[in-house]
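The residues making up each chain are set out below.
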Amino acid sequence: MARRAVDARRPDAQTEPAPTRGGSVPLRPLTILAQDPAVRRDGKILMATAQITAEPLMDGPCGARIKVVDYDASRDRLYLPMQGGYQQGGDWLDPFAGKDPARFLDDPRFHQQNVYAIAMHTLGVFESALGRRTCFGFKGHQLHIAPHAFAGPNAYYQRENRCLCFGYFPGRDGQIVHTCLSHDVVAHEMTHALLDGLRPRFIDPSSPDQAAFHEGFADVVALLSVLSDRAIVEQVLIRRKVMRDRRALISPNELTASALKASTLLGLAEQVGTSIPNGAATALRRSVALKASPRWLEDPDCEEPHRRGEILVATVMDAFLAVWVARVASLGIVSRGQCDGNRVVEEGVAAANHLLTMCIRALDYAPSTDLQYVDYLSALLTADKETVPDDSKYHYRQIIRDAFRAWGIAPVSHTGGDGCWESFDRRVSYRNLRSESLRRDTDEAFRFIWENFDALQLAREAYTVVQAVHPVARVAPDGLIVRETVIDYLQILTVRGHELRALGLQRPEELPTSKEVRLYGGGVLVLDEFGRLKYSIGNNVAKVARQQARLDYLAKMGFFEYRSDQDFSRGFFARLHLARARDRWTPGG
Amino acid sequence: MVPTSVRVRMYQVGFGDCFLLTFRYQGRTKPRHVLIDFGTTAAPSGSPSKLLARIAEDISKTVGKDPFAVVATHRHRDHIAGFDPGSNGKGPGAVIAALKPQFVVQPWTEQPDLAVDAKAPPGFKGLAARQETLASLQAIARHAVEVALPKLQRSFQHTVTAGQLAFIGEDNIPNDGAVRNLMGMAPNEYVYAGKTSRLASFLPGVKVTVLGPPTVKQHAGVRKERARDPDEFWSLQGKALGVGDKSGSTGNMALFPRHGQTTGGGAPLWARWIIKSLRSAHGDQLLELVRSLDTAMNNTSVILLFEFGGHRFLFPGDAQIENWEYALGQKKFTELLKNVTVYKVGHHGSLNATPKTLWKEWYPQAAKPLAMNRRMTSFMSTKAGKHGSVASGTEVPRTKLVTALKKWTRLHSTEDLEEALYVDEIFAVRD
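Residues numbered from 1 in each chain as written. Chains lettered and ligands numbered in written order. Predicted model: local features only at pLDDT ≥ 70, side-chain atom pairs only at ≥ 80, totals over all residues.

Next up on the list: the pairing of strand β12 (residues 377-380) of chain B. Residues and elements named next belong to chain B. The sheet contact formed by strand β11 (residues 342-344) and β12 spans 3 bridges and is parallel. Across the sheet, the residue bridging to Y343 is S378, located in β12. Traced from β11 through helix α13 (residues 356-362) to β12, the parallel crossover comes out right-handed. Here β12 runs beside strand β13 (residues 410-413); their pairing, made up of 4 bridges, is parallel. Bridged to S378 within β13 is L411. (Pairing = 2+ DSSP bridges. Helix = DSSP H or I, 4+ residues; strand = E, 2+ residues; numbered from the N terminus. Right-handed = clockwise from strand over helix to strand, strands pointing away.)

Next up, the structure:
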């Protein structure tokens, strides 16, 4: 079988669909599942259309960033892709557009398209929020996706194999459940891959929060991605259209926080969850149902990464619901005690979009190592403040602060009264620097650090490396563009057990005196559009309290039994998801 | 009546367990023998081909017509393979059965034909589900060894994964002959944490406490979790692989019979790198699954504590931390565990089978090693290089543990035996 580039002979002769975004980026609509095959309206599977960058595609589909290879390792089968299916003559086509989903739901080629389109859409969401291109956490440009990688109730991202693997398993009715058909699961796994590219040290063993963050963040992105799609929200929410003056009406009783919490929209992986025998007949995860309590911090059960991750999800989704309900309340009643359904959907989608952008953009304002929830909270607030200085209209930041406080999470101590990171106010030197290079070049950024070790309060004796320099252009809701440069650096101190005392640290008894341990520090330097340092956000490699907490955590988790960070990190997501699949938990339950 | 001495005999079975405890009494009272486990998955290097038969004969010679009981801590092959009478009915299991044990002690999870209903004894709620899980675990292991392993072995890249998969997987494959023999050779007693065992009346003057395994209810109490029953996961995993309960299985079902497909070997150039990677990932995933099921099976181990004449003998089988959690959370048990004099090292010296809290109880940080004749005696039946890897810090026996055992206890290890069939030691009653 030959793999063919679509119209590779005459790439400039391809007929692209009409541009629909920004007047310059041509998009290709592709049919996907709105959620999964179990989510239906009037008995019909809910479908959606993902608008994907119209790139040249090879069979697979395979584009510049995503390469779908449908190999099933359990059966040793390669399911062949659509061959030339996205091209007909000079046109790019969606082979499944307008067709009855019942006819193609068991077609592996639709599964291939579904994972490609959702992954590409998630990539687009990240790049749009960050205002720049993103890279993966491995060498190479293309992430492989295997939609039917193995038989088993699991799905995971693997950095070492540069791939997302999706499993399949028999459901209650004997029908096969494909995890690749769950919008939430695909978006979740793609988020792991993207987050790993942005913050590769987040899978290092560090603290309960960092272990949990990947999982919680991936759920947040998956949920908000669905909620920010107007067509999907409309299909799910406005189940029974009561039309009056061409408006769909919806009862206020369906728009309370508790009613919305019970909605399909707020659960993850509906079909996967309901297909597990003897399991609760609900979505795989419904973190939003968790009841907020500051006491969870002391609960040892919450040290399990997958459980702690759900706390983050519950917090962000509580904030989302609070914003949505407040925005709906301001709409009022339009007719017969009913609300305008279309406006309700619009408000929900706008809130989800805003929060999703905040959550992703916050990564650029978060330390690159040893992340804790308190850091992420300050990063969230700062990310929003940079593009929306005036929070008085929808009070996103106040609502976010309140939602985190309900779980006992307050912004870190070295932040201002509003919880945002403090601006950098010490003198820095720009001597020997070239302003243009500083915005693009890692060597120049390192020179900036070199010239300002003291002002930045970094440890000179640590190995220091600038991992990336990102020029960004963030679009604010009012259309203004905020230009920044994000310099991402890492510091490493490798010391033997007996040398910890000299750094003010107490050696855990599990760590032999002669064994080496790595201490990490790192963060971001955010420059404004004129190249001046605006924020220095990071964890100092020499900060005793944080490093001691990390060492104690590593000892408790048995990390010193492993030979290296790589041994610990290998198979991280597969293990995490395996543990999660075997456990459903409620704090205080 | 109190025993005057007890002899602990540890047979050299390689990677496995076989312990014969002989309790001697004053006067004309016959000695009483308890055989705890009899199995291996990797015989010692250079051992005779009929090692288990030789051991069975030695046990037979030692026990003779004395009162005799058997404990099978759990159903792993390295603990029960020796109970298999073989296809001709003359194997080592037949020799043991001929000794007419008075009863066989096994974990509650082995109780056959007990439905989950209101009539089930209080401690046995959830038995059917747990048994189904154990069956799924073993079926998954069989699939891993018989179906997945040959594929992995065809690729030279996966030798480490394949070796581990083979060893752990084979240990988990059902040994039907041994299981049937254990059920048929004598009345069975199925025990759980806190249950009074027949061993107490069988061994006059000896207090026997069952510390594990916990029942589903006991364990859930420890974990404080409203858990998705882990049994469901294994059942689902088994069905996905097409093993175990055949209802709803996808194992042999073609996923997309009407669509074009080819084997991985016939894959086009553009797919080969990722196919190799996916095979590797699948091997790792299966190994992870098999390790998990191995742990789950280990955690059905019976944990026994024998007390007599100033001694406390602890025999935990292969119990790992999840099994230990219940006992270590019960004050009445932790008190008993304080002054152990003989310790059968859990799970052949693996990382998670000697709980840190237990070890710290025995040897607080400020403690110093005692004189050799006052130390705890430890027995470790193991074979290095078969389970886990040094590179990942999971080797069995764990180097760090062995070092600690040598430093703090008087260690008997089968690794130190050369051609001897066993090592033993007699423990007299203390004043």
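Let's pick the thread back up.
Nonpolar side chains tend to gather and get buried jointly when the protein is soluble and globular. With 168 residues, the main nonpolar core has C165(A) and C359(A) as its most contacted residues. Not counting residues up to four positions away in its chain, the partners in contact with C165(A) are A146(A), A149(A), F150(A), A155(A), Y156(A), Q158(A), L278(B) and A281(B). In this structure, F19(B), F83(B), F306(B) and Y326(B) belong to the second largest nonpolar core, which totals 73 residues. (Core = buried A, V, L, I, M, F, W, Y, C linked by C-beta atoms within 7 Å. Buried ≥ 20, exposed ≤ 12 C-beta atoms within 10 Å, placed from the backbone. Contact = placed C-beta atoms within 7 Å.)

Residue and element names in this part refer to chain B. Read from one edge of the open sheet, 7 strands run β6-β5-β4-β3-β2-β1-β14, paired in mixed fashion. Looking at strand neighbours, the two that pair on one side only are β6 (188-191) and β14 (422-428), the edges of this open sheet. Between one strand axis and the next, the sheet turns through 20 degrees on average, direction left out of account. Contacting β1 (5-11), β2 (18-24), β3 (32-38) and β4 (68-71), helix α1 (residues 51-63) crosses the sheet at an angle of about 5 degrees to β2. (Axes fitted to C-alpha atoms, helices over the stretch in contact; angles between N-to-C directions.)

Residues and elements named next belong to chain A. Packing of helix α9 (residues 341-361) against helix α10 (residues 373-387) brings their axes to within 8 Å, and their N-to-C directions diverge by 115 degrees. Here α9 runs over α10; the crossing is right-handed. On the side of α9, the interface is formed by M358, C359 and R361, while α10 contributes L380, A383 and D384. Classifying every residue of the contact of α9 with α10 gives 4 nonpolar, no polar and 2 charged. (Left-handed = near helix turned anticlockwise from the far one by under 90°. Nonpolar A, V, L, I, M, F, W, Y, C, P; charged D, E, K, R; others polar.)

Before going further, it helps to spend a moment on the confidence of the model for chain A. All names here are of chain A. For chain A, per-residue confidence averages 83 on the pLDDT scale, and 83% of positions sit at 70 or higher. For chain A, strand β14 (residues 242-244) is the element with the lowest average pLDDT, namely 56, and strand β5 (residues 66-68) is the one with the highest, namely 96. Note on residues 1-23: pLDDT is under 50 here. Beyond four places in sequence and across chains, it has 40 contacts. (pLDDT = per-residue confidence, 0-100.)

Residues and elements named next belong to chain A. The N-to-C vectors of helix α3 (residues 183-198) and helix α4 (residues 208-227) enclose an angle of 130 degrees; their axes lie 8 Å apart at closest approach. When the interaxial angle is binned, α3 and α4 end up oblique. Like other packed secondary-structure pairs, α3 and α4 cross with a definite hand, here right-handed. Here H183, D184, A187, H188, T191, H192 and L195 of α3 lie close against α4, whose contacting residues are H214, F217, A218, D219, V221, A222, S225 and V226. Of the residues contributing to the contact of α3 with α4, the split by class is 7 nonpolar, 6 polar and 2 charged. (Parallel < 35°, antiparallel > 145°, perpendicular 65-115°, else oblique.)

Quick look at the environment of S225(A) now. Relative to the helices and strands, S225(A) is located in helix α4. Along the backbone, S225(A) and L433(A) are 208 residues apart, and their C-alpha atoms lie at a distance of 41 Å.

Let's shift gears to unusual backbone geometry. What you tend to see is this: most non-glycine residues have negative phi, and most peptide bonds are trans. Backbone torsion omega between G60(A) and P61(A) reads -5 degrees, so that peptide bond is classified as cis. As for its placement among the helices and strands, P61(A) is situated in the loop between β4 (47-53) and β5. Between G212(B) and P213(B) the backbone carries a cis peptide bond, its omega angle lying at 5 degrees. Turning to its location among the elements, P213(B) is positioned in the loop between β7 (207-212) and α8 (216-223). Unusually for a residue other than glycine, R162(A) sits at a positive phi of about 50 degrees. Turning to its location among the elements, R162(A) is positioned in the loop between β11 (155-158) and β12 (163-170).

Residue and element names in this part refer to chain A. Taken together, the buried positions of helix α11 (residues 396-406) are Y396, R397, I399, I400, R401, A403 and F404. For α11, the secondary structure elements touched by its buried residues are α8 (305-329), α9 and α10. Positive phi shows up at G408, right after α11, with a value of about 80 degrees.

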